[in-house]
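Survey of secondary and tertiary structure
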Amino acid sequence: MRYQTCNIVRQLVVRYKFEDQLFKYQRICSPVWPIITRGAGDNSISPLPSSATLLQNDKDAKVVLLGTVHFSKQSVQDVTEVVNVLKPNAILVELCRQRVSLLELDDKKFLEDAKNFDAKKLKQAVKGQNFVSGMLHAMLLKTYADIAKELGVAPGGEFRRAYHEMKKIPGCKLFLGDRPIQITIARAFQSLSVLELGQVLYHLTTANPKPLDKSQLEKYKDKDYVQAQFEQITKEVPAFKKIFHVFVDERDRCLAFSLQECVRTVEKPRVLAVVGMGHVDGIIKYYGKMKQEDIVPLLFK
């Protein structure tokens, strides 16, 4: 069961990359903070890949929500496919300012660094952080390195593809839709009691997951499969429910609000939102319903 726990947590945490460098580009925007059809739309923007949802298609806007699996090459191809069909004038990605450097990550260099990732580099990366944050940061970095070595793929390829596709389209803008990662980490740990924190850290540090393969990775596009895995984890370690609430549900709300703001601020919006598959159902649930007063409490540690 610990293998299942760690494997799902790996899928949860590979969404994040801690880097202090902030990449600046004039067409990248941070948000101020219907009709739904899965895998297809009306004839005006169809066909879409099965991982895409036509979230809005009316006189006000066309919005496509693309669910991806991080480290999946197919998800990278899906981005280009939707761009070619939708021809967006705005693209929103599941990133924040603290992780925007992922857009300029050199895949070859990252894979080379992953092969040479050692305790010295790990210690240097978490220097200056408190014990809990440093431990989680270390686990995240090691997760990135391990998965990259196993699959031979650098993280965030779908976001880089979205960024590069955006640059090809005159006037298209890229929006960063996610909540700052430091806030998410802080809120997750603050939601736990001391006992729950100990249980979570114990399971994360003692699990010994089997190697991932590319076919197994694609299973995470199946929301029923992911839900079954989550249920197994939370049955064994109930504290994970609180963590998943902060990492998934709260961020679903923030992403939905960011998408609303993106649509509101773009003229004649044709918007593509690129997010992890685990956020798709939540964004569909909250899109069009979030108000600023709903989001403000979620932006404090």
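What you see is a predicted model, and the numbers here were worked out from it, not measured in a lab.

**Observations regarding the overall build of the protein chain**
Each helix and strand in the protein chain was counted, giving 13 helices and 7 strands. A buried classification covers 55% of the 301 residues belonging to the protein chain. Total accessible area on the protein chain stands at roughly 14100 Å², and carbon and sulfur atoms take up 54% of it.

**Some thoughts on the environment of R264**
Its location among the elements puts R264 in helix α11 (residues 239–265). Separated by 203 residues in sequence, R264 and A61 have C-alpha atoms that sit 9.1 Å apart. In terms of polar contacts, R264 uses its side chain to reach the side chain of E261, at 2.7 Å.

**Considerations on the packing of helix α8 (residues 194–206) against α11**
Close contact between α8 and α11 brings their axes to 9 Å; oriented N to C, the two are set at 85°. One way to sum up the angle between α8 and α11 is to call them roughly perpendicular. Between α8 and α11, the residues in contact are E196, V200 and L204 and A239, F240, K242 and I243, respectively. Residues of the contact of α8 with α11, tallied by class, amount to 5 nonpolar, no polar and 2 charged.

**Quick word on the nonpolar core**
Of all hydrophobic cores here, the largest spans 28 residues; its most connected members are V64, V82, I91, V93, L272 and V274. Among residues more than four places away in sequence, those in contact with V274 are L66, T68, V79, I91, L92, V93, E94, E158, F159 and A162. Formed by 27 residues, the second largest nonpolar core is a distinct cluster that contains V63, L255, V266 and Y287.

**Details of the pairing of strand β3 (residues 52–57)**
With 6 of its 6 residues buried, β3 lies for the most part within the structure. Two strands pair when backbone bridges link them, and β3 and strand β4 (residues 62–68) are joined in this way by 5 bridges, in the antiparallel orientation. Paired with A52 across the bridge in β4 is L66. The hairpin turn running from β3 into β4, its antiparallel successor, is 4 residues long.

**Notes on the packing of aromatic side chains**
Counted under the stated rule, the structure contains 2 aromatic pairs. Taking 5.7 Å as the distance between ring centres and 25° as the angle between the ring planes, the aromatic pair formed by F240 and F244 counts as stacked. Separated by 4 residues within a single helix, F240 and F244 lie in helix α11, roughly one turn from each other. In this pair, the class of F240 matches that of F244, namely buried.

**Observations concerning the pattern of salt bridges**
Tallied over the full model, the rule gives 10 salt bridges. Overlapping salt bridges, with partners in common, bring together E94, R99, D178 and R251 in one network.

**Some details on unusual backbone geometry**
Unlike most non-glycine residues, K87 shows phi in positive territory, near 55°. Non-glycine residue K268 carries a positive phi angle of around 45°. By the element assignment, K268 lies in the loop between α11 and β7 (270–276).

**Describing the side chain of S51**
If you trace the backbone, S51 turns up in the loop between β2 (37–38) and β3. A polar side-chain atom of S51 sits 3.1 Å from a polar atom in the side chain of D78. Excluding its chain neighbours within four sequence positions, the residues that come into contact with S51 are L65, L66, G67, D78 and M277.

**Concerning the packing of helix α7 (residues 181–190) against α11**
At their nearest, the axes of α7 and α11 sit 9 Å apart, and the two run at 125° to each other. Taken together, the axes of α7 and α11 lie oblique to each other. When you trace α7 past α11, the crossing you get is right-handed. On α11, the residues touching T184, I185, R187 and A188 of α7 are V246, F247, E250 and R251. The class makeup of the residues in the contact of α7 with α11 is 4 nonpolar, 1 polar and 3 charged.

**As for the side chain of T68**
Structurally, T68 can be placed in strand β4. Note on T68: relative accessible area 2%, which makes it buried. Looking at T68, its side chain comes within polar contact range of the side chain of E158, at 2.9 Å. Every residue in contact with T68, bar those within four places of it in the chain, is listed here: S75, E158, V274, V275, G276 and M277.

Cut-offs used in this document
- Residues numbered from 1 in each chain as written.
- Predicted model: local features only at pLDDT ≥ 70, side-chain atom pairs only at ≥ 80, totals over all residues.
- Heavy atoms only, no water.
- Helix = DSSP H or I, 4+ residues; strand = E, 2+ residues; numbered from the N terminus.
- Buried < 20%, exposed > 50% of the residue type's maximum accessible area, 1.4 Å probe, protein only.
- Areas by Shrake-Rupley, 256 points an atom, 1.4 Å probe, with all protein chains shown as cover.
- Polar contact = N/O pair within 3.5 Å; in protein donor to acceptor, adjacent residues only side chain to side chain.
- Axes fitted to C-alpha atoms, helices over the stretch in contact; angles between N-to-C directions.
- Parallel < 35°, antiparallel > 145°, perpendicular 65-115°, else oblique.
- Contact = heavy atoms within 4.5 Å.
- Nonpolar A, V, L, I, M, F, W, Y, C, P; charged D, E, K, R; others polar.
- Core = buried A, V, L, I, M, F, W, Y, C linked by side-chain atoms within 4.5 Å.
- Pairing = 2+ DSSP bridges.
- Phe/Tyr/Trp six-rings, centres within 6.5 Å; stacked < 30°, edge-to-face > 60°.
- Salt bridge = Lys/Arg side-chain N within 4 Å of Asp/Glu carboxyl O.
- Left-handed = near helix turned anticlockwise from the far one by under 90°.

By themselves, these observations are geometric and do not establish any function.
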